[in-house]
Amino acid sequence: MHIIHHTIGKRTFSRKEEKVMLDGFLAKYRKGDIVYPSAVARYLGIAVEKAYKLLEGRSDVCPIFVVRCPFCSHLVKRWYSISDLPDDEEIGCEHCDTVFTLTKYDIVVLYEKK
């Protein structure tokens, strides 16, 4: 049997060990909490791109499309489908009282704990 190992930081983990670590990390979240792929990456000591890949196939989280205010960087609104994002609607930020038109640069993909 061939075991694939991944190097995480200065440590090496098999895929199974990596999954166990991610399971433990996600167990700290409650239903409705936002899971940031960057937090997963820091916890596991991996690249953010790899964290996105690990979260994609999981059944205990779902992707959400979040609008980040281009002026103050606060998260303003979330949608569960990219097709639900408004085309030409102005969005108001309650944090900095700015109104802006949504662009692709204002959208961040995060995950919500189921």
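Below is a short write-up of the structure. (Residues numbered from 1 in each chain as written. Predicted model: local features only at pLDDT ≥ 70, side-chain atom pairs only at ≥ 80, totals over all residues. Heavy atoms only, no water.)

1. Focus: helix H1 (residues 15–26)
- For H1, built from twelve residues, the straight-helix expectation of 16 Å at 1.5 Å per residue is met to within 8% by its first-to-last C-alpha distance of 16 Å.
- Taken as a whole, H1 has its buried residues at Glu18, Met21, Leu22, Phe25 and Leu26. Across the axial projection of H1, the buried residues extend over an arc of 130°, all falling on one side. Projecting away from the buried face of H1 at angles above 90 degrees are the exposed residues Lys16 and Val20. (Helix = DSSP H or I, 4+ residues; strand = E, 2+ residues; numbered from the N terminus. Expected span 1.5 Å × (residues − 1). Buried < 20%, exposed > 50% of the residue type's maximum accessible area, 1.4 Å probe, protein only. Arc of directions from axis to C-beta.)

2. Looking at the sheet that holds strand E3 (residues 34–35)
- Sheet architecture is open: four strands sit in the order E3-E8-E4-E5, paired in antiparallel fashion. Two strands bound the open sheet, and with one partner strand each, they are E3 and strand E5 (75–79).
- As paired strands, strand E4 (residues 61–68) and E5 are joined by four bridges and run antiparallel to one another. If you follow Phe65 over to E5, its bridge partner there is Trp79. (Pairing = 2+ DSSP bridges.)

3. Thoughts on the packing of H1 against helix H2 (residues 37–44)
- Relative to each other, H1 and H2 sit at 125°, their axes nearing to 11 Å. Judged on the interaxial angle alone, H2 and H1 are oblique. For the crossing formed where H1 meets H2, the hand is right-handed. Residue-level inspection shows Glu18, Met21, Leu22 and Phe25 of H1 in contact with H2, the latter providing Ala39, Val40, Tyr43 and Leu44.
- Considered class by class, the residues forming the contact of H1 with H2 number seven nonpolar, no polar and one charged. (Axes fitted to C-alpha atoms, helices over the stretch in contact; angles between N-to-C directions. Parallel < 35°, antiparallel > 145°, perpendicular 65-115°, else oblique. Left-handed = near helix turned anticlockwise from the far one by under 90°. Contact = heavy atoms within 4.5 Å. Nonpolar A, V, L, I, M, F, W, Y, C, P; charged D, E, K, R; others polar.)

4. Brief notes about H2
- If you check which residues of H2 are buried, you get Pro37, Ala39, Val40, Ala41 and Leu44.
- Positive backbone phi, approximately 70°, marks Gly45, located one or two places after H2.

5. Overview of the environment of Phe71
- Counting through the fold element by element, Phe71 comes out in the loop between E4 and E5.
- What makes Phe71 exposed here is its relative accessible area of 58%.
- Sequence separation between Phe71 and Asp97 is 26 residues; the distance between their C-alpha atoms is 9.8 Å.
- Setting aside anything within four residues of it in sequence, one finds Phe71 in contact with Cys96, Thr98 and Phe100.

6. Brief notes about unusual backbone geometry
- Unlike most non-glycine residues, Ser73 shows phi in positive territory, near 70°.
- One can find Ser73 in the loop between E4 and E5.
- Here the phi dihedral of Asp97 falls at roughly 60°; this positive angle occurs in a residue that is not glycine.
- One can find Asp97 in the loop between strand E6 (90–92) and strand E7 (99–101).

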